[in-house]
Amino acid sequence: MAAEIGGFEDPSAEVLAEAAAAFGLLASSARLHLVWALAQGESDVTHLADRVGGALPAVSQHLAKLKLAGLVRSRREGRRQIYFVDDPDVVTVVRVMVGQLAARAGGASASVHALRGAGG
């Protein structure tokens, strides 16, 4: 039985399991970096490997997992596979989470600089 609190009904066990699996895939910093990069625009595996600093086989393997989970799609362009994120909601979630954490890190960094300036 689903509870309704604050106007929202609890999602089904299947939906929660699917969400947990997607978040589990994004729990890898390498895969999260790939989704972040693809949220900025489509790319092939060679350029992604260069951008994220990963070995080509490892990046290919991460992309295969993300593709299997439906978080990333690809299309053939000549001899190359072009990868992209086709779901704007996935892009939003990744951008919000990474953006918030980056802002916090920047704020913490600014606070440290302010403290160093005040103390020295």
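Everything below is about the structure printed above this text.
Here is a short report on the structure shown in this document. (Residues numbered from 1 in each chain as written. Predicted model: local features only at pLDDT ≥ 70, side-chain atom pairs only at ≥ 80, totals over all residues. Heavy atoms only, no water.)

Here we look at the overall build of the protein
Here is step 1: Assigned secondary structure in the protein consists of five helices and five strands.
Here is step 2: Helices (α) and strands (β) of the protein occur, in sequence order from the N terminus, as β-β-α-α-β-α-α-β-β-α.
Here is step 3: The proportion of buried residues among the 120 residues of the protein is 23%.
Here is step 4: Considering only residue pairs separated by 6 or more positions, the protein has 52% of its internal contacts joining residues 24 or more positions apart.
Here is step 5: Approximately 8,200 Å² of the protein is accessible, and the part contributed by carbon and sulfur atoms is 59%. (Helix = DSSP H or I, 4+ residues; strand = E, 2+ residues; numbered from the N terminus. Buried < 20%, exposed > 50% of the residue type's maximum accessible area, 1.4 Å probe, protein only. Contact = heavy atoms within 4.5 Å. Areas by Shrake-Rupley, 256 points an atom, 1.4 Å probe, with all protein chains shown as cover.)

Focus on the pairing of strand β5 (residues 80-84)
Taken residue by residue, a regular strand's side chains alternate between the two faces of the sheet.
Here is step 1: Here strand β3 (residues 43-44) runs beside β5; their pairing, made up of two bridges, is antiparallel. Paired with S43 across the two strands is Y83, which belongs to β5. (Pairing = 2+ DSSP bridges.)

Points about the nonpolar core
Here is step 1: Of all hydrophobic cores here, the largest spans 20 residues; its most connected members are V35, L48, L63 and L66.
Here is step 2: Mapped by element, the contributors of at least two residues to this core are α1 (13-26), α2 (29-40), α3 (45-52), α4 (56-68) and α5 (88-119).
Here is step 3: No other element matches α2, which puts five residues into this core.
Here is step 4: Residue contacts for L48: discarding those within four places in its chain leaves L34, A37, L38, S43, V59, L63 and Y83. (Core = buried A, V, L, I, M, F, W, Y, C linked by side-chain atoms within 4.5 Å.)

Notes on the side chain of S43
Here is step 1: Structurally, the position occupied by S43 is in strand β3.
Here is step 2: Residues in contact with S43, not counting those within four places in the same chain, are L38, L48, Q81, I82 and Y83.

Side note on the pattern of salt bridges
Here is step 1: In this structure the tally under the stated criterion is five salt bridges.
Here is step 2: For the salt bridge of D86 with R73, the shortest nitrogen-to-oxygen distance reads 2.4 Å. Note that D86 is positioned in the loop between β5 and α5 and R73 in strand β4 (residues 73-77), a separation of 13 residues in sequence.
Here is step 3: Judged by relative accessible area, R73 falls into the partly exposed class, the value being 44%.
Here is step 4: The partner of E77 in a salt bridge is R80, and the shortest N-O contact between them spans 3.1 Å.
Here is step 5: Under the relative-accessibility criterion, R80 is labelled partly exposed at 36%.
Here is step 6: Via salt bridges that share partners, E42, D44, R75, E77 and R80 belong to a single interconnected network. (Salt bridge = Lys/Arg side-chain N within 4 Å of Asp/Glu carboxyl O.)

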